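Analysis of the macromolecular model
What follows is each chain in one-letter form.
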Amino acid sequence: TVDGATRHYLLHRPPHADGPRPLVLVFHGMGGQGARVERLSRFSALGDQAGFAVAYPEGEEGTWRVLRDPRTEITFTRAVVADIAARTPIDRQRIFAAGISNGAMMSAALGCFAPDLVAGVGLVSGGYVSPCRNHPHAPAILFNGTADTTLPMQGGRLLMPVRDFAAAWGSGAGCQATVEALPPRPGARGERFACGGAEAVFWTIPGGGHVWPGAPGAPPVPDATQEIWRFFAAIR
């Protein structure tokens, strides 16, 4: 219960995992539900293989209200983590957040304003109003399709170009990120922005729409779920 409202989340625990395990928080898009993004992302199946727990928090009326003031949603997320920790052993140093669309905005808010809570964020088909100006902030991996008409990668109206957002995210306090082209993957172009301990990896998907890459019905490569976990697993 947060601010007088009863909120919910789904929790998936991997079988046969000993000791504290990593936790991935996965946030649904606008109008979504935890069960829907569980099916979409397939993070539970990957958690069973890799030995991490997965939680799927649910927004009020299917929405994450983070654009003007993310504090209530961050308070809710902290309460979710505390409740999970009371139920199953988790590694507090290895909590991560991922999400799609409005859920990507929620994950970005956590990475920007609560880097003490999440050690990294995965942002899928998100749109962003302004760069994160807080330092430090959590490392990020982003996926956006060039044909997304819901949250266009090039920005528009209130939204900034996503590549500019990634470049700003990869810039540290007082230094501008340098960009490195990553080895190409089938169906995607990758860039890494980094400076002063900040990092953002940005995958552009030519012709990609407003989807979770690798999900049922979406282009099979790149598999955003696999790539996000690979990125998280390398964070120390």
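Residues numbered from 1 in each chain as written. Predicted model: local features only at pLDDT ≥ 70, side-chain atom pairs only at ≥ 80, totals over all residues. Heavy atoms only, no water.

Here the largest pocket is characterised by a volume of approximately 340 Å³. Contributing to the lining of the largest pocket are 19 residues, with Val66, Leu67, Ala109, Phe113 and Ser130 lying nearest its centre. For the lining of the largest pocket, the secondary structure elements donating two or more residues are helix H4 (102-113) and helix H5 (162-169). Ranked by the residues each element gives to the lining of the largest pocket, the list is headed by H4, at five residues. The class makeup of the residues in the lining of the largest pocket is 14 nonpolar, two polar and three charged. (1 Å grid on protein atoms, 1.4 Å probe; cavity = no way out; pocket = protein on both sides within 12 Å on 5 of 7 lines; lining within 4 Å. Points joined across faces, edges and corners; volume = space filled by probe spheres on them. Helix = DSSP H or I, 4+ residues; strand = E, 2+ residues; numbered from the N terminus. Nonpolar A, V, L, I, M, F, W, Y, C, P; charged D, E, K, R; others polar.)

This next bit is on the sheet that holds strand E9 (residues 198-205). Paired through their backbone hydrogen bonds, the strands of a sheet run either parallel or antiparallel. Across the sheet, nine strands lie side by side as E1-E3-E2-E4-E5-E6-E9-E8-E7; this open sheet has mixed pairing. Unpaired on one side and paired on the other, strand E1 (9-12) and strand E7 (178-181) mark the two borders of the sheet. Each adjacent strand pair in this sheet contributes to an overall mean axis angle of 20 degrees, direction not counted. Where strand E5 (residues 120-124) lies against strand E6 (residues 140-145), four bridges are found, and the strand directions are parallel. Each residue of the ladder has a partner; that of Gly122, found in E6, is Ile141. Most of the contacts of helix H3 (residues 71-87) go to strand E4 (residues 90-100), to which it runs at about 135 degrees, and overall it touches E1, strand E2 (21-27), strand E3 (53-57) and E4. (Pairing = 2+ DSSP bridges. Axes fitted to C-alpha atoms, helices over the stretch in contact; angles between N-to-C directions. Contact = heavy atoms within 4.5 Å.)

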